[in-house]
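Structural overview
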Amino acid sequence: MAAALCACAVSLHAADPASNVKVTMDHNEGDDASASFKFEHVPSPQINDAAARLRFEVVNGTLDSNGGGVGKLTDGKVPSGEDAPGENLFFVAGSYGGRLLLDLGKVVGVKQINTYSWHPGSRGPQIYTVYGAVGADANFEVKPKQTDLTQRGWTLIARVNTTSQFGQSGGQYGVSISKADEAVGKFRYLLFDCATTEDDDAFGNTFYSEIDVVDANASEAPQIVAQAKSAGRTFDSDGGKYQITIDPANATDLSDWAFETLAPVVQEWYPKLVAALPSDGFVPPKRVTIRIEDELRNGTPAWTIGSRVELNAKWFRNNLKGEAVGAVIHELVHVVQRQYWRARRKPGAEPMPGWLVEGIPDYLRFFKFEPESHGADDIWLKRQRFSSLRYDKSYRISANFLNWVCEKYDPEIVVKLNAAGRLGEYKPDLWKTATQKSVEELGAEWLEVKREQFGIKPVSDAAAATAPEAGARKM
C-alpha cells in the first residue's frame, strides 16, 4: 500500500458505478492537522446535523474503556489533539472492530454521511462499510451481529478504506459519502461495520472523532464546529522557524510561570534539542503545543503525544522551584524522537528499546540542559541502591550510563542510537560497531567503574541478599 509522502492535505475521490455513490477522502498530516478539522473537499464537522444529540449503539464488538464512548460521535465536538483517547470512540485493543447502529428516529433523506478521525499512528485511517435501512421489511433485523446485513433488510451504501489511497499513515482523516445531485438514500437506520486498519499489533482500531449525517431537507444552515478558544500564547523559536504554543487551559494560576519562566527556556532549547539529535532526512515538527491539564491519568507528571506535550497541573504546582522546567525539556526530546513509532513498521525493524526511549531524554536533560542540578550524575548515582543499578534501568540511570559511554568510547553514540531508532535500524550490534564492545559488556564495565569510584566492596552471591549497601535509594 502506498503511504502519503508529505506532511500535507490530500484529497481523493472514489465512486461506486452501480450506485453512483461518491466517497471523498481527505488526509491532513503533520502541521496541516489541527483542531479545526479543515479539509480541502470534505466539509468540517457540524453541530446541527441530523445525528446531533442522537446516540449510537454498539451492536457488535466491545469499546475500549480508555475512549470517550458513543456520545463522542454526535456531541458536535472534536479532539483538541492528535492522540486524545477520551475524546474519541474506538474498539478495544486486540479486537477486529465492531458494529455501530444509529437510529435517526424517522426516515431521513440522507444527503451526506461524513466521518472524522485523528491519530498519529495506525488508529488514524478509517476502514468501514456503512448500510442503511428504513426498517419496514418483514425480515428486518435492527441489531444484526454476525449475519449478512443485505439478507436482513439492510442496503449497502458504501465501502470506505482510506488505506487504499493513503496507506497506514497516521494523521487526520475526513470521509464524505454523497451522490452528485440527489440524496444517498432515505433511511431511518444507519449501521457502520468498522474494521481494523492493520494487524501488525493490537492497536489498529480507528479513533473515530465524529460522525455527521446531513439531512437533504434540512432547514437550518450548517453550523461548523468551532475550534475551542485557548488561553494560550504562541512563541516563535529560532527566528520563527518553529512555533511553540503554551496553553495553561484551566490552570490559570500557572500562567505566569508558563509564559514568563517556561516560554523563554523552550524557545531557546527546542532548536538545541533538534540540533542534538540529527539524522538524514529528519524534519522536526515546526509547531509544538504544551498544554497544562488539570490532571493526567494515574497522576503522571507529563506525557508527549506526537508534537503535543501535556503537563499535570497538580504535579507542576508542587515542583515549580524544582524539576518543573527540566521535566518539560525531557518531554520536548520525545517530540524530537517522534518517528520511532513509525520505524517499527519497516520490514525487519527492531523497536527502539524502551530504556533508550526514556534514557536519551534524561541524558539531554541532565547532562546538557541542567548538569548543575546533579540530577543524574555520579553525585546523584552514588545515593542509589547499588544493586538496583543496570544500564537498561531507564531514565536517569540509563542517562548516566549513556554519558559514561559518550565520555569514554564514542561522543556520538547518542546521535547514532537516535538515528538508528528513527530509521527502524536499531540493532544491538550498533554498540559493538561504535565501541568494539557489546552493550552488556559496556554495562558491566560501567558498573565496575562506579563500584570502585564509590568505594563499594563486592559481596558474594550468598551474602548479596542480606548485606547492607552504601547509600539510601532516592529516585
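Read on for a plain summary of the structure.

Here is what the cut-offs are and how they apply
- Residues numbered from 1 in each chain as written.
- Predicted model: local features only at pLDDT ≥ 70, side-chain atom pairs only at ≥ 80, totals over all residues.
- Heavy atoms only, no water.
- Helix = DSSP H or I, 4+ residues; strand = E, 2+ residues; numbered from the N terminus.
- Buried < 20%, exposed > 50% of the residue type's maximum accessible area, 1.4 Å probe, protein only.
- Contact = heavy atoms within 4.5 Å.
- Pairing = 2+ DSSP bridges.
- Core = buried A, V, L, I, M, F, W, Y, C linked by side-chain atoms within 4.5 Å.
- Salt bridge = Lys/Arg side-chain N within 4 Å of Asp/Glu carboxyl O.
- Axes fitted to C-alpha atoms, helices over the stretch in contact; angles between N-to-C directions.
- Parallel < 35°, antiparallel > 145°, perpendicular 65-115°, else oblique.
- Expected span 1.5 Å × (residues − 1).
- Bend = angle between axes of the 7 residues up to and from the residue.
- Polar contact = N/O pair within 3.5 Å; in protein donor to acceptor, adjacent residues only side chain to side chain.

1. Thoughts on the overall build of the protein
Helix and strand counts for the protein come out as 11 helices and 14 strands. Residues classed as buried in the protein amount to 52% of the 475 residues present. Taking the contacts inside the protein whose residues are at least 6 apart along the sequence as the reference set, 72% of them involve residues at least 24 apart.

2. Points about the pairing of strand 14 (residues 308–312)
Across the 5 residues that make up strand 14, a large majority, 5, are buried. Taken together, the 5 bridges between strand 12 (residues 287–293) and strand 14 define a ladder with parallel strand orientation. In the strand pairing of strand 14, R291 is matched with E310. As paired elements, strand 13 (residues 302–305) and strand 14 share 4 bridges and run antiparallel to each other.

3. Focus on the nonpolar core
Core analysis: the biggest nonpolar cluster contains 72 residues, and I246, I290, L332, F401 and W431 have the highest contact counts within it. The biggest single contributor to this core is helix 2 (residues 255–276), with 11 residues. Those residues within four positions of I246 in sequence are excluded, and the remaining contacts are G232, R233, F235, A258, F259, L262, A263, V266 and I290. If you look at the next biggest cluster of nonpolar residues, it comprises 32 residues, including F56, L73, L102 and V110.

4. Some points on the pattern of salt bridges
One pass over the full model with this rule turns up 19 salt bridges. E323 is paired through a salt bridge with R396; the nearest N and O atoms lie 2.5 Å apart. Taken together, the positions of E323 in the loop between helix 3 (313–317) and helix 4 (324–336) and R396 in helix 8 (residues 395–408) put the pair 73 residues apart, joining distant regions of the chain. Between K450 and D378 there is a salt bridge; the shortest N-O distance is 3.0 Å. With K450 in helix 11 (residues 439–454) and D378 in helix 7 (residues 378–381), this pair connects stretches of sequence that are 72 residues apart. Look at the salt bridges and you will find they share partners, linking D247, R291, E293, R308 and E310 into a network.

5. Overview of the environment of I456
On the secondary structure map, I456 appears in the segment after helix 11. C-alpha separation for the pair I456 and K382, spaced 74 residues apart in sequence, amounts to 9.9 Å.

6. Some thoughts on the sheet that holds strand 14
Taken in spatial order, the 5 strands make up an open sheet running 10-11-12-14-13, and their pairing is mixed. The open sheet has two edge strands with one neighbour each: strand 10 (233–237) and strand 13. Averaged over neighbouring strand pairs, the angle between their axes works out to 20° when direction is ignored. Summarising the sheet, strand 10 and strand 11 (residues 242–247) pair through 5 bridges and their orientation is antiparallel. Within the sheet, the bridge partner assigned to T234 lies in strand 11 and is T245. Lying on the sheet, helix 2 is in contact with strand 10, strand 11 and strand 12; it crosses strand 11 at an angle near 150°.

7. Digging into the packing of helix 6 (residues 354–369) against helix 8
Packing of helix 6 against helix 8 brings their axes to within 7 Å, and their N-to-C directions diverge by 70°. Taken together, the axes of helix 6 and helix 8 lie roughly perpendicular to each other. Side by side, helix 6 and helix 8 meet where W355, L356, E358, G359, I360, D362, Y363, R365, F366 and F367 of the first sit next to Y395, R396, S398, A399, N400, F401, L402, N403 and C406 of the second.

8. Description of helix 2
Here helix 2 spans 29 Å end to end across 22 residues, near enough to the 32 Å set by a 1.5 Å rise per residue. Approximately 45° is the largest bend angle found in helix 2, and it occurs at L262, with the proline P264 only one to four residues beyond.

9. Some points on the side chain of S117
Considering the arrangement of structural elements, one finds S117 in strand 4 (residues 98–119). Separated by 3.0 Å, the side chains of S117 and Q126 make a polar contact. Not counting chain neighbours up to four residues away, the residues in contact with S117 comprise F37, G124, Q126, G171, Q172, Y173, T206, F207, Y208 and S209.

10. What about the environment of K106?
With respect to the helices and strands, K106 occurs in strand 4. As for K106 and K186, which are separated by 80 residues in sequence, their C-alpha atoms are 9.8 Å apart. Dropping the residues within four chain positions of it, K106 is found in contact with F187 and R188.

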